[in-house]
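Fold and geometry: a report
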Amino acid sequence: MGKIPDPESFRQSILLNSSMISRRRTDAQGRINGHFSEMQEELSAVKGTDGLRYACLGPPLKPRCIVKPVALVGITYLETEEDVDNFLRELRNRLAEAVRAGQRVQIR
């Protein structure tokens, strides 16, 4: 394996690509949200039933909560049963808190 000839140029390309992807994702999300809003307005205008709304828009999505278990522990390794108990208690509390708040949890 060889070295990257110009690491700084390579790093700049990655940053540029990441920025471009982020802009395009934001643009796509904006267009999707616009279409979704139009569909909701049209359903309201025709006094669509809940069944029609569900068929057109799908089930309502709960807001997402991202939980990163590694962020819940202040230590690198779990070495004792007490460490495990503390970690699991903290994880359970965080998950339960999100669910009580009506969120769906994504674990990363």
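Thresholds applied
Residues numbered from 1 in each chain as written. Predicted model: local features only at pLDDT ≥ 70, side-chain atom pairs only at ≥ 80, totals over all residues. Heavy atoms only, no water. Helix = DSSP H or I, 4+ residues; strand = E, 2+ residues; numbered from the N terminus. Rg over C-alpha atoms; globule rule 2.2 N^0.38 Å. Buried < 20%, exposed > 50% of the residue type's maximum accessible area, 1.4 Å probe, protein only. Contact = heavy atoms within 4.5 Å. Areas by Shrake-Rupley, 256 points an atom, 1.4 Å probe, with all protein chains shown as cover. Lys, Arg positive; Asp, Glu negative; His and termini not counted. Charge placed at Lys NZ, Arg CZ, Asp CG, Glu CD. Expected span 1.5 Å × (residues − 1).

**Considering the overall build of the chain**
- Per the secondary structure count, the chain includes 4 helices and 2 strands.
- For the chain, the N- to C-terminal ordering of α and β elements is α-α-β-α-α-β.
- Relative to the compact-globule value of 13 Å for 108 residues, the chain shows a C-alpha radius of gyration of 22 Å, a clear excess of over 25%.
- Oriented by its inertia axes, the alpha-carbon framework of the chain measures out at about 60 × 50 × 20 Å.
- Put simply, the chain has 108 residues, and 8% of those count as buried.
- Of the contacts made within the chain by residues no fewer than 6 positions apart, 54% connect residues no fewer than 24 positions apart.
- As displayed, the chain offers around 9400 Å² of accessible surface, 56% of which is attributable to carbon and sulfur atoms.
- The centroid of the 17 positive side-chain charges in the chain is displaced by 6 Å from the centroid of its 14 negative side-chain charges.

**What about helix α1 (residues 7–45)?**
- In this model α1 runs 57 Å from its N-terminal to its C-terminal C-alpha over 39 residues, within 8% of the 57 Å that 1.5 Å per residue would give.
- Two residues or fewer after α1 comes K47, characterised by a positive phi angle close to 55°.

**A look at unusual backbone geometry**
- In this structure, K47 is a non-glycine residue whose phi angle is positive, near 55°.
- Residue placement: K47 occurs in the loop between α1 and α2 (50–57).
- Overall, K47 belongs to the exposed group, its relative accessible area being 70%.

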